[in-house]
Every structure is written in C-alpha cells, then in structure tokens.
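As a plain string of letters, each chain reads:
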Amino acid sequence: PAAILTEGTKCGRPAVGAPRSQSRACEVERRWVCKRGPRPDRAERPREEGGKMATPSGLASLCEKFRSAVSLSYVESKNDPETEPYRSKYAARELLEGVKQLLAAEEAEGPPGEGQEREGEAERLQAVRRAVVEYELGVNYTDTQECSAGEEHLVKCVKLLERHRLSRECVSLYIQAQNNLGILWSERGDIKTAQTYLESAEALYNQYMKENGSPPLDTNEHFMAQEEKLTDQERSKRFEKVCTHTLYYLAQVYQHLDMTEKAAQYCHSTLKRQLEFSGYSPVKWALNAATLSQYYLTKQCFMEARHCLAAASVIFAQAGQVPSAEDSKLSPFCLSCSSFALNMQTTNMRLFPFFCCSGLRYCPLDSLHVVCLSISFFH
C-alpha cells in the first residue's frame, strides 16, 4: 500500500469537482511555492521503484505475506503428509488471495497525480504485481489438479502484462506464464495450442534479447525491498533458466507432433544451455544425452552419437559430486545399472532396451517415448 496524492493537484490546480476549500488550499500552496520554494513539511517522500509513493510498513507487510505464500508453495509443501498432500498449497492460496485483495484496494485509490510519466510507471508497477499474484495462483491451482481455475489465473496474468511484455519488469514473468499455459494444454492433449504458447514464449525471449538484452527483473523481486534486489548476474542466470525450460517443453511438443529432427535440435539446445548455466541434475542430464545419441544413430550420425554418449559418461561421473535432490531419489542400484549401461554404450554401437533393477528406464522427457539407457552386445 502506498500513500496517494489527490489526482489533479499538481501545479496548484485542484482536481475536477474538488470542493471550494480544496481549491483555496491549492492556491495558497501555489503561492507559497512560487515565493519561498517547497514547504519543509511537504518535502518529497521516498518512492519505491516504479514511481509509487511508498509506505514502508505497509509495503513490508505485503512483501512478507507474499514471501510466506511462496515458501509454503515451494518449500514446505514438500513435507506435507500423504493424507494431506496439498495442505501447504491451500494455505499459500489463502495468503495469495489476501495479497490480491490488498493490491486491488491500492489500485482503487488510483495512481499518484504527478504527471503522465509518473502515472504510467505506477500503472505498470500495479499491473505487474497483480500479474505476479495471478501467476502464483495459477500455478497453485494447477499443482492441486484444478486446471480450469489455474488456466483462468494464468490467462489473467498474460492479459495484465500484454502492454508491457517487453519491459525488463515483465518479460520474464510473461514467458513463465506462457510456459505454464503450454504445459497445461499439453496435459489436456491439445498439442497445437501448447505449441502456440511455447513458440510465442521463445519468440518473445529472442525479441527481448535483440532489442534490450539487459537482465530482467525476476518474478519475486516485485515483492522485495530495494536492498534485497538481485544482482544483474543472478537475474541473468534465472532468466536464462526460464528460456531453457521453454526449449525443454518445445522439444517434447515437437516429438508429439512427429517433428523428430526439430525435437532433437531443441533437446540438444536444452542440454547445452543446462551445462552453460549450471542448471542440471547429473543423472538426468546423462540419461537425456544417452537418449539423444539414439536419435543420431537412426540417422547414421555415428560421431554425434558417440559424442553424446561420451558426454553422458563424463557428466554421470559427477553424480556423487554435485548434490541434487532429484538424483538422491534414485536408489544406489539404479545408479549402478545406469553406470554399467553408459560404460557399455561408449564401446559399441549396437543398442537394445536397457532394464535396470527398478524396471525399464525412461527419459525424464517422457514424451519422447524412447528408452533412456541401452546396453550393447558384442557380435
């Protein structure tokens, strides 16, 4: 919440329809400023980024409530009991609805009347904060299997950001919303609609990097105090991770559409970007690289296939060195089976489906419908 100036009182002019007493007060203020400068008791108050008058205690309370909701959604929800799998998600939803109501009340008061430029900045700040909340609500509802409600909130997020989607405050959030809409529609079996959202997200990333290129604000920064803002390096890392997710999902979509060559290209780009920005699980990366090698084999691109297998073997060796929550879920027996298969793959090229101790292993990109690991037999 922020203190709001009465619209139209700039330059000593009263607002349209203002009472006579207000007109007289404005005239007195104008004369004082012309003769002696700004009054000591009317010094400019601190502003937050975006031009809105900031009430520190109110803003801090709003940010704290939002951070609590995010923590419940992404951290505490992992420890929810099986009997109440969405307990933390539901609690986070209540907090987000509370934040949404506070933002709606702030917007109803109107932007500060300090010129069109200031009003435009304040309007954009209000829009992006509301969009962040709509986005988090959309993800919350889809996580709890309430897809229709989730879609409604994600679409609201996109609409709120449409005018400002190429600004550094909005571009990352806009792409994330489109990514999630793409996932939602792919789960419904409408691959074409999913393709539209994901390709739009990729195009926006490319356009932003061409026209602007500066690291955009991360989604959560809109509810952070100025001293808590991220560095440009961290912003860039998070934004590139968002784009990597877009390519990851597009690889699956193209495979569903039988565009195997394009799917392989996007899978390769995903693996490359994960290495470049250090955003990967060693075991899953190795499995995906081994899967990609099989595509190259079908095209008789033996050097490329061997390169993928060699890379998979090298990265897989990091499994015990690079901590990963996802890798820790695999049993030691699965890791041993995977290691054996990778070692065998690097020596020969005749590949067959690989069965490990936990059954037939599939790539995390499960929509590729290919076996991740294979073993080779001497012949």
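The rules behind these values
Counting of residues starts from 1 at the beginning of each chain's written sequence and follows it residue by residue. Only residues with pLDDT of 70 or above have their local features reported here, since the model is predicted, and side-chain atom pairs are shown and tallied only from 80 upward, although totals for entire chains, interfaces and linings are computed over all residues. Side-chain figures throughout are based on the complete set of non-hydrogen atoms in the structure, without hydrogens or water. Think of a nonpolar core as a cluster: buried Ala, Val, Leu, Ile, Met, Phe, Trp, Tyr and Cys residues, connected wherever their side-chain atoms sit within 4.5 Å. Categorising residues by exposure relies on relative accessible area from a 1.4 Å probe, with only protein chains included: less than 20% of the type maximum marks a residue as buried, more than 50% marks it as exposed, and the intermediate range marks it as partly exposed. Contacts are assigned to residue pairs with any non-hydrogen atoms lying within 4.5 Å of each other. Between the rings of Phe, Tyr and Trp (Trp by its six-membered ring), a pair exists once the centres lie within 6.5 Å; its type follows the angle of the planes, with under 30 degrees stacked, over 60 edge-to-face, and the other angles tilted. Helix and strand definitions follow DSSP, with helices as H or I runs of at least four residues and strands as E runs of at least two, each counted in order from the N terminus. We call a charge positioned over a ring when the NZ of a Lys or the CZ of an Arg lies within 6 Å of the ring centre and within 35 degrees of the ring normal. Each residue gets a pLDDT score, which is the predictor's confidence in that residue and runs from 0 to 100.

**Q** Lay out the nonpolar core with the relevant residues and their values.
**A** Residues Leu-161, Leu-173, Ile-175 and Phe-223 are the most contacted members of the largest nonpolar core, which totals 69 residues. Residues contacting Phe-223, with those up to four places away along its chain left out, are Leu-62, Cys-63, Phe-66, Arg-67, Val-99, Leu-103, Arg-129, Val-132 and Val-133.

**Q** Quick one: what's the story with the packing of aromatic side chains, residue by residue and with numbers?
**A** Aromatic ring pairs are defined here through the distance separating the ring centres and the angle between the ring planes. Under the counting rule described, the total for this entry stands at 8 aromatic pairs. With centroids separated by 4.1 Å and ring planes inclined at 15°, the aromatic side chains of Phe-66 and Phe-223 adopt a geometry described as stacked. Separated by 157 residues along the polypeptide, Phe-66 in helix α2 (residues 56-74) and Phe-223 in the loop between α7 (191-211) and α8 (232-256) bring together distant segments of the chain. In terms of burial, Phe-66 and Phe-223 fall into one category: buried. Considering the side-chain rings of Tyr-254 and Tyr-266, the 5.1 Å spacing of their centres and the 65° angle between planes classify their relative orientation as edge-to-face. Taken together, the residues Tyr-254 in helix α8 and Tyr-266 in helix α9 (residues 260-276) connect sequence positions 12 residues apart. One exposure class covers both Tyr-254 and Tyr-266, and it is buried. Grouping aromatic residues by their ring pairs yields a cluster made of Tyr-205, Tyr-208 and Phe-239. Looking at Arg-129, its charged tip hangs above the ring of Phe-223, at a distance of 5.8 Å from the centre.

**Q** Outline the confidence of the model for the protein chain, listing residues and values.
**A** Averaged over the protein chain, the pLDDT score is 76; the fraction of residues at 70 or greater is 66%. Here residues 1-54 is modelled with pLDDT under 50, and outside its nearest four sequence neighbours on either side it reaches 85 contacts, counting other chains as well.

**Q** An account of the environment of Leu-271 is requested, with residue identities and associated values reported.
**A** Its location among the elements puts Leu-271 in helix α9. The spacing of Leu-271 and Ala-289 is 18 residues in sequence and 7.4 Å in space, taken between C-alpha atoms. Once residues lying within four places of it in the same chain are set aside, the contact partners of Leu-271 are Trp-285, Asn-288, Ala-289 and Leu-292.

**Q** I'd like a rundown of unusual backbone geometry, residues and numbers included.
**A** In this model, Ser-278 sits at a positive phi of 55°, which is unusual for a non-glycine residue. In this structure, Ser-278 sits in the loop between α9 and α10 (282-298). Unlike most non-glycine residues, Gln-300 shows phi in positive territory, near 60°. Inspection of the secondary structure assignment puts Gln-300 in the loop between α10 and α11 (302-316).

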